[in-house]
Amino acid sequence: MTRSELFAQIQQKSSFLCVGLDPDLEKIPRHLLAEPDPIFSFCQAIIEETADFAVAYKPNIAFFEALGAKGWDTLARVEELIPDDIFTIADAKRGDIGNTSKLYAKAFFESMDFDSVTVAPYMGKDSVSPFLEFDNKWVILLALTSNAGSMDFQLIEDKAGKPLYQSVLEKSQDWGSPENLMFVVGATRGELIGEVRKSAPDHFFLVPGVGAQGGSLSEVAKYGMNSSCGILVNSSRGIIYASGEKDFAKAARREAKKLQEEMKNLLQKYM
Ligand code: OMP
């Protein structure tokens, strides 16, 4: 998917919502366990009920690969059932020496047809570039993550006082462009999103951390939006586990709709 197609969809749906698919066998409603593939049935129902409000889906690969070969098969079938006009993110946080990264990229972009994959930056350019060689496919590079441990390395300052995440943002902009490179910026880092935006004015940010992790959607929009919206805000547990009962998909729909309505107001306010 191209950047202009993504932006067109954001405008059409008045939404910049990414629904995170983190399906955990221990958390999905019990009645689904009688299905031949409970995780598939769960994701299918969630996608059907939230597709009106979502511009992206982000299956987190861990929740599928934990189930072994069957999990990979489920992931491929879930990817296929996401409507073509909705952006897909394989949240795999990959990155390795060049020839290995190339095969990770093939796994998500050719064997499966994801639009993007999350990639860790710390092995440097040759570990990221192989993912950038596919037409209309995207790298979403970890810059400033939402977890407490992001302090351990990402906020360490160099002698000039520049935090490591800023060096990642600056250096990686030579590897790709706003047409094929996004950055992960956690919603829990509200105060820093504006700093990230200054360093990367045109790039899209994938912003996880609203909902279960407590990040503020309005702060993210205030500090993160640009003239092409520029943010995809992810919520996983806050949507998909809104109810643990038979009404789970309808409950997910209600949560997704609530976020979309808030996003519509924020788009009007800041764009
Ligand atoms: P919830 O906290 O349930 O909304 O889930 C957040 C999702 O975003 C999970 O799949 C995480 O793996 C992912 N995530 C973060 O929570 N923080 C980050 O900094 C980066 C990601 C990610 O790359 O998506």
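- With an unreviewed UniProt entry as reference, the protein is termed Orotidine 5'-phosphate decarboxylase, source organism Algoriphagus marincola.
- We quote the UniProt Catalytic activity (unreviewed entry) comment for the protein here in full: "orotidine 5'-phosphate + H(+) = UMP + CO2".
- Regarding the protein, the UniProt comment filed under Sequence similarities (unreviewed entry) reads as follows: "Belongs to the OMP decarboxylase family. Type 2 subfamily."

## A look at the UniProt feature "domain: Orotidine 5'-phosphate decarboxylase" (unreviewed entry) in the protein
Here is step 1 of the chain: Mapped onto this numbering, the UniProt entry annotates "domain: Orotidine 5'-phosphate decarboxylase" (unreviewed entry) at residues 16-252.
Here is step 2 of the chain: Along residues 16-252, the helical share is 37% and the strand share 19%, with 16 Å between the first and last C-alpha atoms.

## Quick look at the UniProt feature "active site" (unreviewed entry) in the protein
Here is step 1 of the chain: Those places that UniProt annotates as "active site" (unreviewed entry) correspond, in this numbering, to Lys93.
Here is step 2 of the chain: Within the element layout of this structure, Lys93 appears in strand β3 (residues 87-94).
Here is step 3 of the chain: At 2.8 Å, the side chain of Lys93 and the side chain of Asp91 are in polar contact.

## Quick word on the sheet that holds strand β1 (residues 17-21)
Here is step 1 of the chain: Strand order in this closed barrel of 8 strands is β1-β2-β3-β4-β5-β6-β7-β8, and the pairing throughout is parallel. Ignoring strand direction, the axes of neighbouring strands in this sheet form an average angle of 30°.
Here is step 2 of the chain: The pairing of β1 with strand β8 (residues 231-235) spans 3 bridges and is parallel. Following the sheet pairing, Leu17 is matched in β8 by Val233.

## Things to note about helix α2 (residues 38-50)
Here is step 1 of the chain: Given a rise of 1.5 Å per residue, 13 residues ought to cover 18 Å, and the 18 Å separating the end C-alpha atoms of α2 matches this to within 8%.
Here is step 2 of the chain: Burial of α2 is extensive: 11 of the 13 residues sit out of reach of the surface.
Here is step 3 of the chain: When α2 is considered as a whole, its buried residues turn out to be Pro38, Ile39, Phe40, Ser41, Phe42, Cys43, Ala45, Ile46, Ile47, Glu49 and Thr50.

## Points about the nonpolar core
Here is step 1 of the chain: In this structure, Phe16, Phe87 and Ile231 are the most contacted members of the largest nonpolar core, which totals 90 residues.
Here is step 2 of the chain: When neighbours within four sequence positions are excluded, Ile231 is seen to be in contact with Phe16, Arg197, Phe204, Phe205, Val207, Val220, Ala221, Gly224 and Met225.

## Considering the pattern of salt bridges
Here is step 1 of the chain: Inspection of every chain in the model, using the stated rule, returns 15 salt bridges.
Here is step 2 of the chain: The salt bridge involving Asp113 is made with Lys137; its shortest N-O contact spans 2.7 Å. In this pair, Asp113 sits in the loop between α5 (98-111) and β4 (116-119) while Lys137 sits in the loop between α6 (125-128) and β5 (138-144), placing the two residues 24 residues apart along the sequence.
Here is step 3 of the chain: Overall, the relative accessible area of 47% leaves Asp113 in the partly exposed class.
Here is step 4 of the chain: A relative accessible area of 9% means that Lys137 is categorised as buried.
Here is step 5 of the chain: The shortest N-O distance in the salt bridge between Lys162 and Glu170 comes to 2.8 Å.

Thresholds applied
Residues numbered from 1 in each chain as written. Predicted model: local features only at pLDDT ≥ 70, side-chain atom pairs only at ≥ 80, totals over all residues. Heavy atoms only, no water. UniProt positions renumbered as here; feature names shortened; annotations may be inferred. Helix = DSSP H or I, 4+ residues; strand = E, 2+ residues; numbered from the N terminus. Polar contact = N/O pair within 3.5 Å; in protein donor to acceptor, adjacent residues only side chain to side chain. Pairing = 2+ DSSP bridges. Axes fitted to C-alpha atoms, helices over the stretch in contact; angles between N-to-C directions. Expected span 1.5 Å × (residues − 1). Buried < 20%, exposed > 50% of the residue type's maximum accessible area, 1.4 Å probe, protein only. Core = buried A, V, L, I, M, F, W, Y, C linked by side-chain atoms within 4.5 Å. Contact = heavy atoms within 4.5 Å. Salt bridge = Lys/Arg side-chain N within 4 Å of Asp/Glu carboxyl O.

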